[in-house]
Amino acid sequence: MSSIIQLLPDHVANQIAAGEVVQRPASVVKELLENAVDAKATDIKLIVKDAGKSLVQVVDNGIGMNVTDARLCFERHATSKIRHAEDLFSIHTKGFRGEALASIAAIAHVEMKTRQAEDELGTHIIIEGSKFIAQDPAVVPKGTSFAIKNLFFNIPARRNFLKSEHIEFRHVMDEFQRVALAHPGIHFTLIHNGSETFNLPISNQRQRIVNLFAGKTNEKLVPVQETTEIVSVQGFIGKPEFAKKNKGEQFFFVNDRYIRSSYLHHAVLSAYEGLLKEGMQPSYFIYLDVPPHTIDINIHPTKTEIKFDDEQALYAILRAAVKHSLGQFNVAPVLDFERDPNLDTPYEYQHKEAAYPTIQVDQHYNPFADDSTPVRSTSTQQSVRQQRFTPAPSSASWESLYVGLKQDTEAMYVPESAHERATPSLFNDQEPEAAVTKTYQLQRKYIVSPIKSGLMFIHQNRAHQRILYEQFLTQITVQQAASQQLLFPMSLSFTPVEMHLLVELEPALQAVGFQFERWETEGVVVSGIPVNTTAQAIPSVFETVLHAFQEGFTDSFSPNDTLAKAMARSLSIKKGVVLSEKEQEMIVNGLFACKDPNVSPQQKPTFITMSVDEIDKKFSL
């Protein structure tokens, strides 16, 4: 019987490995940027076209490679980071697997130019799908330049599953931000489709954070610093009043490597306990420095998951450090235990026993007694007091209180209709027709409406979302919405990532009624807002819209659909709001005028019905 197990060719093995390492253009950005950092570069430039689908180029001024290394770096498990298995427990570099470049070269067109400082000529290599097309000497600057073109050209299924350009570019910017935040001592530049998005000079950690997120980031930050034998914690956290709905400004770095850890995230949230509104997320940029032998990085090909030797101790230290910073900088409310010295007991009274006060009660005191006698002396006062408080004769009765009052004997005329209105019949056969269609609000959450077959319970929030969703979607796709002008234009600040997204959403935002006076580098000035929208709700609307797109809510048919859902969610009537009868009626009528009144934009039921038979069963014994 012939053998059935065969050794896979290198280009097939590389494509299989690429499925884990390279998931989207952002994965290529991450690997190339980390290689540039490991090459000891001080100036790194990232050039992207079509969100990385057409081109991802990273140019650095690092140490470069010679001719042999330039060819060998594209082989699987070829790396300059480690030599022995023991090196895995003392890793100080970003990469160590030796799989990234081989995986990238297997699914893209790669062009590399590199030169070391002591060499006169560099090396120029062209690879297409793991096949070396050319390798020639070339005059190139010191450092290395990788140009990755036509990603997934030989895997069309993977290319077709890529998301829209703004979503893919958001992932590219996320990876760029993570590497740039971890290394403030390197100059980073990001150019997308010919326009410069970021230009980050060499700076400290705080300035790098401000340069990346712009706006009022500097006033939001509170420093955190704690040094122990287990870990050294430093970085910045955001003030509670600047918390957001999304997690776009939450970063953990361990030994200058970005990681994800729900366990450490919970430690930070527990320090904010009682300071944040429900559903809000704090900002934090925390750098942890631990001994390399106490962590295991070799968990996942993306190297964003780390195992710690003592996670519980790390949890307690991180939570205490964040809580200490919140209290130290008067961010969290504290109890004032400073006592007022004026309230202290005098020294000469400390050992004296308290004397009970003597109470004298005048049983004959009458405040209604007539007092016309002038008081001239103490003896006279005592005699007057005795006369004043002489008890009244026992023959006096309560009827004397009403002596002198006018006796009105005329009977008050009460119309007959008033008696009829005051005492209605409990079983009125002629019940008004309006009472049948009257709606009621239950628990400030549901609208109860009688119907012919029983009762209908309408979820006021979901129903209003459905109404607004169809209105906004119609305005975006069919007609231009009306806009109300603001007396004073509103200025809103956003990060560069959010600004890039808003520029793409500008036509859709104008279609629903927003008008912009001008666009700035760090924000926009809003001059008009949709009808039936208050100016106070505008910041929340933009935050909800940006959160929907940044979190990757891609279950919608188009960006316009996502925008309509986000605005409907933000502007809809929330639970706990008291509605008048007219408002309840408008929601009921508006819901059943929709094309699909049964479900909300999130495909959840908007109402349920309870028939008379179901009600009868509840009362059956």
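Residues numbered from 1 in each chain as written. Predicted model: local features only at pLDDT ≥ 70, side-chain atom pairs only at ≥ 80, totals over all residues. Heavy atoms only, no water.

## Regarding the overall build of the protein chain
This is how it is decided: Every helix listed is a DSSP run of H or I at least four residues long, and every strand listed is a run of E at least two residues long, numbered separately from the N terminus. Only protein chains enter the accessibility calculation, which uses a 1.4 Å probe. A residue is then buried if its area is under 20% of the maximum for its type, exposed if over 50%, and partly exposed in between. Residues are treated as being in contact if the distance between any of their heavy atoms lies within 4.5 Å. What sets the accessible areas is the Shrake-Rupley method with a 1.4 Å probe; for residues, cover comes only from the shown protein chains.
Helix and strand counts for the protein chain come out as 18 helices and 22 strands. Residues classed as buried in the protein chain amount to 41% of the 621 residues present. Nonlocal contacts in the protein chain, meaning residues at least 24 apart in sequence, comprise 68% of its contacts between residues at least 6 apart. With the model as given, the accessible surface of the protein chain reaches about 37200 Å², and the carbon-plus-sulfur share is 52%.

## Some details on the sheet that holds strand β16 (residues 440-442)
Put simply, the test is: Strands are labelled as partners when DSSP assigns at least two bridges between them. Only the stretch in contact is used when a helix axis is fitted, and all axes are lines through C-alpha atoms; the angle between N-to-C directions ranges over 0 to 180 degrees.
Across the sheet, four strands lie side by side as β16-β17-β18-β22; this open sheet has antiparallel pairing. Each edge of the sheet is formed by a strand with only one pairing partner; in this case those strands are β16 and β22 (607-611). With strand direction ignored, the average angle separating the axes of adjacent strands in the sheet is 30°. Pairing geometry for strand β18 (residues 454-459) and β22, over five bridges, is antiparallel. The residue of β22 that forms the bridge with Phe457 is Ile608. Packing against the sheet, helix α13 (residues 460-477) makes contact with β16, β17 (446-451) and β18, and its axis sits at approximately 70° to β18.

## Thoughts on the packing of helix α6 (residues 165-182) against helix α7 (residues 205-213)
Definition in use: Convention used here: angles under 35 degrees read as roughly parallel, angles over 145 as roughly antiparallel, angles from 65 to 115 as roughly perpendicular, and any remaining angle as oblique. Each crossing gets its handedness from the near helix: less than a right angle anticlockwise from the far helix is left-handed, clockwise is right-handed. The nonpolar class holds Ala, Val, Leu, Ile, Met, Phe, Trp, Tyr, Cys and Pro. Asp, Glu, Lys and Arg form the charged class, and all remaining residues, Gly among them, are polar.
One can describe the packing of α6 onto α7 by two numbers: an axis separation of 9 Å at closest approach and a directional angle of 160°. When the axis of α6 is compared with that of α7, the two are roughly antiparallel. The two elements α6 and α7 meet at a crossing, and its hand is right-handed. Contact with α6, carried on its side by Gln177, Ala180 and Leu181, involves Arg208, Ile209, Leu212 and Phe213 of α7 and no other residues of that element. Counted by class, the contact of α6 with α7 contains five nonpolar, one polar and one charged residues.

## What to know about the packing of helix α2 (residues 25-38) against α6
As a packed pair, α2 and α6 sit with axes 8 Å apart at the nearest point and diverge in direction by 20°. Judged on the interaxial angle alone, α6 and α2 are roughly parallel. Where α2 crosses over α6, the handedness of that crossing is right-handed. Seen from α2, the contacting residues are Pro25, Ala26, Val29, Lys30, Leu33 and Val37; seen from α6, they are Glu168, His171, Val172, Glu175, Phe176 and Val179. Residues of the contact of α2 with α6, tallied by class, amount to eight nonpolar, one polar and three charged.

## Side note on the sheet that holds strand β11 (residues 250-254)
Backbone-to-backbone hydrogen bonds join strands into a sheet, with any given pair of strands oriented parallel or antiparallel. The five strands are arranged β9-β10-β13-β11-β12 in an open sheet whose pairing can be described as mixed. Every other strand in the sheet has two partners, leaving β9 (221-227) and β12 (257-259) as the edge strands with one partner each. Between one strand axis and the next, the sheet turns through 20° on average, direction left out of account. Sheet topology places strand β10 (residues 232-238) next to strand β13 (residues 284-289); six bridges connect them, and they run antiparallel. Within β13, the residue paired with Ile237 across the bridge is Tyr284. Lying on the sheet, α6 is in contact with β11, β12 and β13; it crosses β11 at an angle near 50°.

## A closer look at the packing of aromatic side chains
Convention followed: Only Phe, Tyr and Trp rings take part, Trp by its six-membered ring, and two of them pair if their centres are within 6.5 Å. Stacked means planes under 30 degrees apart, edge-to-face means over 60, and tilted covers everything else. Here, a charge over a ring means that NZ of Lys or CZ of Arg falls within 6 Å of the ring centre while also lying within 35 degrees of the ring normal.
Taken as a whole and assessed by the stated rule, the structure comprises 19 aromatic pairs. Between the aromatic rings of Phe213 and Phe285, the centroid separation amounts to 5.4 Å while the plane-to-plane angle is 55°, which identifies the pairing as tilted. Of this pair, Phe213 sits in helix α7 while Phe285 sits in strand β13, and the two are 72 residues apart along the sequence. One exposure class covers both Phe213 and Phe285, and it is buried. Judged by centre distance (6.2 Å) and plane angle (5°), the ring pair of Phe251 and Phe253 falls under stacked. Residues Phe251 and Phe253 agree in their burial class; the two are buried. Of the aromatic side chains, those joined through ring pairs into one cluster are Phe213, Phe251, Phe253, Tyr258, Phe285 and Tyr287. Directly above the ring of Phe132 sits Arg71, whose terminal nitrogen or CZ lies 3.7 Å from the centroid.

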